[in-house]
Amino acid sequence: MVRLQREFGKSNVGFLLTDRQFAGSYNRVASLDTRLTLTKTWTFAGQVMTSQTRDLDGTQSGGPAYYFDLFHQNRQWLYDANFIDRSEGFRADLGYIPRVNMRQAQQFFMRRFHPKSKRVLVFAPYINLLGNLDHHGVQQDWRVNPAFNIQMPRSTFGGAGLTDIFERFQNINFRRHDANVFLHSEYFKRATLDLNYSAGTRINYTPAAGLAPFLANGNELQATLTLRPAARLKIDQIYYLTRMHTAGTSVFVNHLGRTRANYQFTRALSLRMIVD
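Rules used in this analysis
Residues numbered from 1 in each chain as written. Predicted model: local features only at pLDDT ≥ 70, side-chain atom pairs only at ≥ 80, totals over all residues. Heavy atoms only, no water. Pairing = 2+ DSSP bridges. Helix = DSSP H or I, 4+ residues; strand = E, 2+ residues; numbered from the N terminus. Core = buried A, V, L, I, M, F, W, Y, C linked by side-chain atoms within 4.5 Å. Buried < 20%, exposed > 50% of the residue type's maximum accessible area, 1.4 Å probe, protein only. Contact = heavy atoms within 4.5 Å. Salt bridge = Lys/Arg side-chain N within 4 Å of Asp/Glu carboxyl O. Polar contact = N/O pair within 3.5 Å; in protein donor to acceptor, adjacent residues only side chain to side chain. Phe/Tyr/Trp six-rings, centres within 6.5 Å; stacked < 30°, edge-to-face > 60°. Lys NZ or Arg CZ within 6 Å of the ring centre and 35° of its normal.

## Overview of the pairing of strand β13 (residues 214-230)
Item 1. As paired elements, strand β12 (residues 191-204) and β13 share 14 bridges and run antiparallel to each other. Paired with S198 across the two strands is E220, which belongs to β13.
Item 2. Examined bridge by bridge, β13 and strand β14 (residues 233-246) share 12 bridges and lie antiparallel to one another. When the sheet's bridge partners are listed, T226 is paired in β14 with D236.
Item 3. Hairpin connection between β13 and β14: a loop of two residues separates the two successive antiparallel strands.

Dropping the structure here:
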C-alpha cells in the first residue's frame, strides 16, 4: 500500500495505491482524492477510484468508482449533498465496500432556529432525500425523511420524524413507511436517559422456507438508563424490544434486557461486567 498526500492551507490532495496478491489472484486499487476548503462554511470532498481484480479461478473484473460531497454549515443552516457511483466490477478487498453497481444521490438540508427561550435553545427542522439506481437504470432505493430536532438545557435533546421508503429486494419492489421519536437527557447530574422508538412497515428479509420476502408491521424500542452513583462506578440498564407482525399473526417478538457495570480502580485498571 502506498499513500501520498499534499496539504496546502486547509485543503489537501492525495493518491492511494493498494495491491493484494494471493496464489496468483490479485486486487489492485488506485485512487485520487481531495478535500477543498472553499470558504469558511463550504467544503468539497471527492475521490476517483479504479480497481482491477483476478480471482483464484482466473475470472477478471474491474471498473471505476466515484465519490463527491459538498458541505455547508453555519449557525443557522446545514446542507450536505453527496453522490456515489460504483461500477459492477469495482472491488477493494483491503477496504470495506458494502455495495457496488449503484448510482446514489443524497441531500440533507437543516434550518436551525434559536428562539429567545430558556426552555428551548434550538429548534431544527430538516429533510433528508436519497435516490439510488443501478447501472442498468433500475430503481433500487429512494427515501424521503422530514423530521425535526429540539435542544433544551442540561444536555437534553429530542426529535421526531417520518420516512417514506422504496426498496427493491430480490427483484421485488417494496414501499414502506416509518415514524420515529427519540430523547436524550442529562438533566440529572448522575443519571442519563436515552429513548428511541420507531414503528411502521418492515420487510421480512428471511421468511420461512417456501415464502418470498414480504411486508409486515413492526416496531423497535431501545431504552437506556445510565447511572453514576460514584465517581468510579458506571451502570447501564438497557432494554431492547424488536417486533414484527402481520394482521393477526406474530412473525417474531424479541425482548432483551442488559446490565453493564464498569468500575474504574485506576487509570490502567478497571472491572467490567455484562449480564443479558
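## What about the nonpolar core?
Item 1. With six residues, the main nonpolar core is built from L78, M110, V122, A124, Y126 and A147.
Item 2. Here the element with the most residues in this core is strand β8 (residues 122-133); it accounts for three residues.
Item 3. Those residues in contact with A124 that sit more than four places away from it in its chain are M110, R111, R112, A147, F148 and N149.
Item 4. V29, M49, A65 and A92 belong to the second-largest nonpolar core, a separate cluster that totals five residues.

## Details of the pattern of salt bridges
Item 1. Considering all chains together, one arrives at 12 salt bridges under this definition.
Item 2. Between R175 and D164 there is a salt bridge, and its shortest N-O distance comes to 2.8 Å. Here R175 is found in strand β11 (residues 172-188), whereas its partner D164 is found in strand β10 (residues 156-169), with 11 residues between them in sequence.
Item 3. A relative accessible area of 27% means that D164 is categorised as partly exposed.
Item 4. For the salt bridge of E167 with R176, the shortest nitrogen-to-oxygen distance reads 3.9 Å.
Item 5. A single salt-bridge network, built from bridges that share partners, covers D55, R91 and D93.

## A closer look at the pairing of β12
Item 1. Looking at chain direction, β11 and β12 are connected through nine bridges and run antiparallel. Within β12, the residue paired with N180 across the bridge is S198.
Item 2. Between β11 and the antiparallel strand that follows it, β12, lie two residues.

## Examining the side chain of H184
Item 1. Mapped onto the fold, H184 is located in strand β11.
Item 2. A relative accessible area of 18% means that H184 is categorised as buried.
Item 3. Within the structure, the side chain of H184 is placed 2.7 Å from the side chain of D194, a separation counted as a polar contact.
Item 4. Once residues within four sequence positions are removed from consideration, H184 is found in contact with S155, T156, F157, T192, L193 and D194.

## Structural notes on the packing of aromatic side chains
Item 1. What the rule picks out here adds up to 10 aromatic pairs.
Item 2. The interplanar angle of 15 degrees and the centroid separation of 6.3 Å between the aromatic rings of W142 and F166 together place this pair among those described as stacked. With a gap of 24 residues between them, W142 in strand β9 (residues 139-152) and F166 in strand β10 connect regions that are remote in the sequence.
Item 3. By relative accessible area, which is 13% here, F166 ends up buried.
Item 4. Put simply, the rings of F113, F123 and F148 pair up and form one aromatic cluster.
Item 5. Against the face of W77 rests R111, its NZ or CZ located 4.6 Å from the ring centre.
Item 6. Positioned over the ring face of Y187 is R154, at 4.3 Å from the centre of the ring.

In short, shape yes, function no, at least from these values alone.
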